[in-house]
Amino acid sequence: MSKALISVVVPAFNERANVAPLLARLASMAGGETGYDWEFVFVDDGSGDGTADAVADAAAADRRVKLLQFTRNFGHQMALTAGLGEARGRAVVSLDADLQHPPETVPAMLRRWEAGAKVVAGLRGASGAGAAKDRASRLFYWLINHLTEIPIPAGAADFRLMDREVVDAFLRMGERARFIRGMVSWMGFPVETAPYAEERRAAGRSKYSLTRMLCLAADAVTSFSALPLRFATVAGLATTLIAALYAAYVLFVFLFVPRVVIPGWASIVLVALFLGGIQLLFLGVIGEYLHRIYAEVKGRPLYLVKRRIGLADDGSGAGTQARRL
Ligand code: UDP
Ligand code: MG
């Protein structure tokens, strides 16, 4: 009887120096899990440092290593999506290439999966990322949890195990603005957790700048909440009400109060500034939704593939896995 296959999906962007150490730790972890067959699916997200070649070399020596290489950088969430689309395992584990997600936690995830768990999320205990990044991360989760209806515990990461059933359900979601933590929570499968201590990034620098984190937060909020649009409606109603009251007052003064010189400059300027500001702000909010709608309507493939090693060729070279289902 053949053993069940477990996939590990690794999105990698300029992680050349981390490929060999990560594979060594994955291999030694897999060596202890003799009940399973393994595949290690690397998705090279347009690296410029030869990450893909390092993976290709490893694949020549170890058939479990597989490579999907993008034509350019499409982003972490897209790379993860692509990897989930290629993985063939009964369970699929995703983890970062920089060794911040220790492979040694995977057996604990597997035990929970064997006991029936559909999703086992790694839950970051101590963080190895540094104070500034921690603060940014806390702000990120505060925003998500206050602006959207999907609960996401702070310290959740894209380090998780998903059962085949969950991966297949995930691949039916074809949206472009992908906040995968949110999408997994949205699917509604019960989530169990496996604690892990985050390690320091082994080599290289974090690819998530503050701007990128803010973009991900904007994707997360717009994907899972219409609350910012509602704020516009409420603010619009409130200002209309205030304007109506003020109009009544102005009319009253105009009609009944004997004309004295009223120095109205300050109030006019303040009102104009305030209303102008609010209008621009909410135009921006609407724009955030609009450009995402535009991107969806174009219906382009989610990503394009340059090279595949060890993976069945679907002939399209295009990342339409998620859309085809
Ligand atoms: N990553 C990616 N594409 C990107 C940015 C990041 O595939 O455009 C990968 C990166 O190689 C790593 C993972 O996503 O494996 C997490 O990125 P990183 O470690 O830079 O983020 P951080 O841990 O600092 O939040
Ligand atoms: Mg990292």
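Here the structure is shown first, and the text comes after it.
Parameters and conventions
Residues numbered from 1 in each chain as written. Chains lettered and ligands numbered in written order. Predicted model: local features only at pLDDT ≥ 70, side-chain atom pairs only at ≥ 80, totals over all residues. Heavy atoms only, no water. Salt bridge = Lys/Arg side-chain N within 4 Å of Asp/Glu carboxyl O. Helix = DSSP H or I, 4+ residues; strand = E, 2+ residues; numbered from the N terminus. Buried < 20%, exposed > 50% of the residue type's maximum accessible area, 1.4 Å probe, protein only. Right-handed = clockwise from strand over helix to strand, strands pointing away. Pairing = 2+ DSSP bridges. Phe/Tyr/Trp six-rings, centres within 6.5 Å; stacked < 30°, edge-to-face > 60°. Lys NZ or Arg CZ within 6 Å of the ring centre and 35° of its normal. Axes fitted to C-alpha atoms, helices over the stretch in contact; angles between N-to-C directions. Contact = heavy atoms within 4.5 Å. Donors = N, O, S within 2.8 Å, 3.2 Å for Na, K, Ca; no water.

(A) The arrangement of the pattern of salt bridges in detail. Taken as a whole and assessed by the stated rule, the structure comprises 19 salt bridges. Close ionic contact of glutamate 104 with arginine 25 constitutes a salt bridge, the shortest N to O distance being 2.7 Å. Separated by 79 residues along the polypeptide, glutamate 104 in the loop between strand S4 (91-94) and helix H4 (106-114) and arginine 25 in helix H1 (residues 16-31) bring together distant segments of the chain. According to the relative accessible area criterion, arginine 25 is partly exposed, its value standing at 22%. Each of Glu15, Asp98, Arg201 and Lys207 takes part in one network of salt bridges that share partners.

(B) Just the pairing of strand S2 (residues 36-44), in detail. For S2, the buried fraction is high: eight of the nine residues fall into the buried class. With H1 bridging strand S1 (residues 4-12) and its parallel neighbour S2, the resulting β-α-β unit is right-handed. Sheet topology places S2 next to strand S3 (residues 65-70); five bridges connect them, and they run parallel. Bridging across to S3, aspartate 44 finds its partner in glutamine 69.

(C) Focus on the packing of aromatic side chains. Within this structure, the stated rule accounts for nine aromatic pairs. When the centroid spacing of 4.8 Å and the interplanar angle of 20° are considered together, the rings of phenylalanine 70 and tyrosine 303 count as stacked. Residue phenylalanine 70 is found in strand S3, and its partner tyrosine 303 is found in the loop between helix H10 (265-298) and strand S8 (305-309); the two are separated by 233 residues along the sequence. A relative accessible area of 1% means that phenylalanine 70 is categorised as buried. Overall, tyrosine 303 belongs to the buried group, its relative accessible area being 3%. A connected cluster of aromatic rings, assembled from ring pairs, spans Phe70, Phe74 and Tyr303. Its guanidinium or amino end placed over the ring of phenylalanine 74, arginine 72 lies 3.8 Å from that ring's centre, counting from NZ or CZ.

(D) Fine view of the sheet that holds strand S5 (residues 119-124). On the basis of which strands lie adjacent, the open sheet formed by eight strands has the order S7-S5-S6-S4-S1-S2-S3-S8 and mixed pairing. Since the sheet does not close on itself, it has two edges, and those belong to strand S7 (191-196) and S8, each with one partner. The sheet shows a mean angle of 20° between the axes of neighbouring strands, taken without regard to direction. The sheet contact formed by S5 and strand S6 (residues 156-163) spans four bridges and is antiparallel. Paired with valine 120 across the strands is leucine 161, a residue of S6. The sheet strands contacting helix H2 (residues 51-61) are S1, S2, S3 and S8, and the helix crosses S3 at an angle near 155°. On the sheet, helix H7 (residues 180-187) packs against S5 and S6 and is oriented at approximately 45° with respect to S6.

(E) Main features of the coordination of the magnesium ion (ligand 2). Looking at the magnesium ion (ligand 2), one finds its protein donor set to be Asp98 (OD) and Gln100 (OE1), positioned 1.9 Å from the metal centre. Its relative accessible area of 3% is what places aspartate 98 among the buried residues. By relative accessible area, which is 13% here, glutamine 100 ends up buried.

(F) Inspection of H7 at higher detail. Among the eight residues in H7, six count as buried, and that is most of the element. Listing the buried residues of H7 in full gives Ile180, Arg181, Gly182, Met183, Val184 and Met187. Those residues of H7 that are buried lie in contact with helix H3 (76-86), S5, helix H5 (131-147), S6, helix H6 (164-171) and helix H8 (210-224). Once H7 ends, the next one or two residues include glycine 188, with phi positive near 90°.

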